[in-house]
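Chain residues, written in single-letter form:
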Amino acid sequence: KQEVTQIPAALSVPEGENLVLNCSFTDSAIYNLQWFRQDPGKGLTSLLLIQSSQREQTSGRLNASLDKSSGRSTLYIAASQPGDSATYLCAVSASNYQLIWGAGTKLIIKP
Amino acid sequence: DAGITQSPRHKVTETGTPVTLRCHQTENHRYMYWYRQDPGHGLRLIHYSYGVKDTDKGEVSDGYSVSRSKTEDFLLTLESATSSQTSVYFCAISESRGDEKTQYFGPGTRLLVL
């Protein structure tokens, strides 16, 4: 059974720092991996989607990498801003196309 | 933003009461999903639909039923609500089964079962 883990559960860093969020999964047979952002009281917004054949995806200050063999993905945020404060979730697409989710990392960027 | 609305946005109900949550989309997407989100857990899939009147169970379907009589509407029903069903419920839609497309989420419904 696929399991997705995100460590740490919470992270607080000063504004301007570069940071890395981690996601690990137990079964390397995935179709894709996605990173989402969730703001308090709101739904989820897709940030990046990495196909299983890809190694990384970039969007603005965000870069996500995927290493299927080790069951890991990282989300790199460059030059963090207070507006980046949110909960970040990763999800992997399983063999039946259902998404299996991590519990998320709550990120706080201090001004 | 994808045109997804959920109603109600907040609901308080009593144990044993039936509850229906509605998800409405204006995108004409084929796939619709119901998730619940609880502290310490990621989102967990309750049921999903791959077309009108075509639905299937997810990871945590016990105690829930769904219906999809129109492309745009996906209803989640708790036949007899229990306190363990207190949660935030999210609806999502996608164009495809997920190989190359992401899911778009509604704003969520907070349900409290007393």
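How each quantity is defined
Residues numbered from 1 in each chain as written. Chains lettered and ligands numbered in written order. Predicted model: local features only at pLDDT ≥ 70, side-chain atom pairs only at ≥ 80, totals over all residues. Heavy atoms only, no water. Helix = DSSP H or I, 4+ residues; strand = E, 2+ residues; numbered from the N terminus. Buried < 20%, exposed > 50% of the residue type's maximum accessible area, 1.4 Å probe, protein only. Contact = heavy atoms within 4.5 Å. Areas by Shrake-Rupley, 256 points an atom, 1.4 Å probe, with all protein chains shown as cover. Lys, Arg positive; Asp, Glu negative; His and termini not counted. Charge placed at Lys NZ, Arg CZ, Asp CG, Glu CD. Buried area = accessible area lost by both parts, 1.4 Å probe. Salt bridge = Lys/Arg side-chain N within 4 Å of Asp/Glu carboxyl O. Polar contact = N/O pair within 3.5 Å; in protein donor to acceptor, adjacent residues only side chain to side chain. Phe/Tyr/Trp six-rings, centres within 6.5 Å; stacked < 30°, edge-to-face > 60°.

(A) How the structure looks around the overall build of chain B. From N to C terminus, chain B includes zero helices and 11 strands. For chain B, the N- to C-terminal ordering of α and β elements is β-β-β-β-β-β-β-β-β-β-β. The principal-axis extent of the C-alpha atoms belonging to chain B is close to 40 × 30 × 25 Å. The buried share of chain B, taken over its 114 residues, is 48%. Partitioning the intrachain contacts of chain B with sequence separation of at least 6 by distance along the chain shows that 56% fall at a separation of at least 24. Approximately 5,500 Å² of chain B is accessible, and the part contributed by carbon and sulfur atoms is 46%. For chain B, the distance from the average position of its 13 positive side-chain charges to the average position of its 14 negative side-chain charges is 3 Å.

(B) Quick peek at the interface of chain B and chain A. Contacts between the two partners involve 23 residues from chain B and, on the opposite side, 22 residues from chain A. Counting the surface lost from both chain B and chain A, the interface buries some 1,600 Å², and carbon and sulfur atoms represent 50% of this. The tally of links between chain B and chain A comes to zero salt bridges. On the surface where chain B and chain A come into contact, there are three residue pairs in polar contact (both at pLDDT 80 or more). Of all the secondary-structure elements, those providing two or more residues to the side of chain B that touches chain A are β4 (31-37) and β5 (43-51) of chain B.

(C) Summary view of the packing of aromatic side chains. Scanning the entire structure with this criterion turns up nine aromatic pairs over all chains. Put simply, the rings of Phe36 and Trp101 of chain A together with Tyr33, Tyr35, Tyr48, Tyr50 and Phe105 of chain B touch in pairs and so form one group of aromatic residues.

(D) Summary view of the pattern of salt bridges. One pass over the full model with this rule turns up six salt bridges over all chains. The partner of Arg37 of chain A in a salt bridge is Asp39 of chain A, and the shortest N-O contact between them spans 3.0 Å. With relative accessibility at 16%, the residue Arg37 of chain A sits in the buried group. As a salt-bridge pair, Arg61 of chain A and Asp84 of chain A come within 2.8 Å of each other at their nearest N and O atoms. Of this pair, Arg61 of chain A sits in the loop between β6 (56-59) and β7 (62-67) while Asp84 of chain A sits in the loop between β8 (72-77) and β9 (86-93), placing them 23 residues apart in sequence. Arg61 of chain A sits in the partly exposed class, given a relative accessible area of 30%. The network of salt bridges with common partners includes Arg22, Lys70 and Asp73 of chain B.

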